[in-house]
Amino acid sequence: MHFTINGRSYDLDPDIRTSLLDLLREHLDLTGSKKGCDHGQCGACTVLVNGRRINSCLTLAVMHQDDDITTIEGIGSAEALHPVQAAFIRHDGYQCGYCTPGQIVSAVGMLDEVRKGWPSHVTADPGSVRLDDAEISERMSGNICRCSAYPGIVDAIRDAAG
Ligand code: FES
């Protein structure tokens, strides 16, 4: 089976019951995506599939052959952080850090959704994205932070959006 992850091609033969999260973590050593609940409730496992946010614990790897998958390892780099990553650092958008990869992947995907005008009632603006704090919280509600670092997370996303 062929997978495209962070722009790299992989030919793998996972068990058909393997979740996308387990494929990433256990077959490819891409451990940035975290397993929090393994039930679609925490968002720690968030990845982008063809640009859309999904909980990788809830989907089977075999369903994503030839999809374009992006994990936290494919966002920014140590030398050149993604603007969302840099904003999380500036605003202390974390405490223990366990949920942070999922929060950042989700924020990157969410801002892209808004720029593309999805859902359609949001005005698309290719430059900056205007979101109030309540809308940021609503759009990020699939990502839980047990340390409650939400004020810093919202500040970081508002900063990165502008
Ligand atoms: Fe997937 Fe919690 S580990 S949503």
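These notes cover the structure that comes with them. All figures in this text were calculated on a predicted structure; none of them were measured in a lab.

## Some words on the overall build of the protein chain
Of the regular secondary structure elements, the protein chain holds five helices and five strands. Seen in sequence order, the protein chain has helices and strands lined up from the N terminus as β-β-α-β-β-β-α-α-α-α. Its C-alpha atoms give the protein chain a radius of gyration of 15 Å, near enough to 15 Å, the size a compact globule of 162 residues would have. Expressed as lengths along the three principal axes of its C-alpha atoms, the size of the protein chain is roughly 45 × 35 × 30 Å.

## Examining the environment of Asn50
Position of Asn50 among the secondary structure elements: in the loop between β3 (46-49) and β4 (52-55). Spatially, the C-alpha atoms of Asn50 and Cys145 are 25 Å apart, while their sequence positions differ by 95 residues. With residues near it in sequence (within four places) discarded, Asn50 still touches Asp67 and Asp68.

## Re the nonpolar core
Judged by nonpolar contacts, the single largest core of 41 residues is most densely connected at Ile104, Ala107, Leu111, Ile157 and Ala160. Elements with a contribution of two residues or more to this core: β1 (2-5), α1 (20-27), β3, α2 (83-90), α3 (100-115) and α5 (150-161). Ranked by residue count, the leading element in this core is α3, at seven residues. If you count residues domain by domain, this core takes at least three from each of domain 1 (2-74) and domain 2 (83-161).

Basis of the calculations
- Residues numbered from 1 in each chain as written.
- Predicted model: local features only at pLDDT ≥ 70, side-chain atom pairs only at ≥ 80, totals over all residues.
- Helix = DSSP H or I, 4+ residues; strand = E, 2+ residues; numbered from the N terminus.
- Rg over C-alpha atoms; globule rule 2.2 N^0.38 Å.
- Contact = placed C-beta atoms within 7 Å.
- Core = buried A, V, L, I, M, F, W, Y, C linked by C-beta atoms within 7 Å.
- Buried ≥ 20, exposed ≤ 12 C-beta atoms within 10 Å, placed from the backbone.
- Domains from an automatic or database assignment.

Keep in mind that these numbers describe shape and distance, not what the molecule does.
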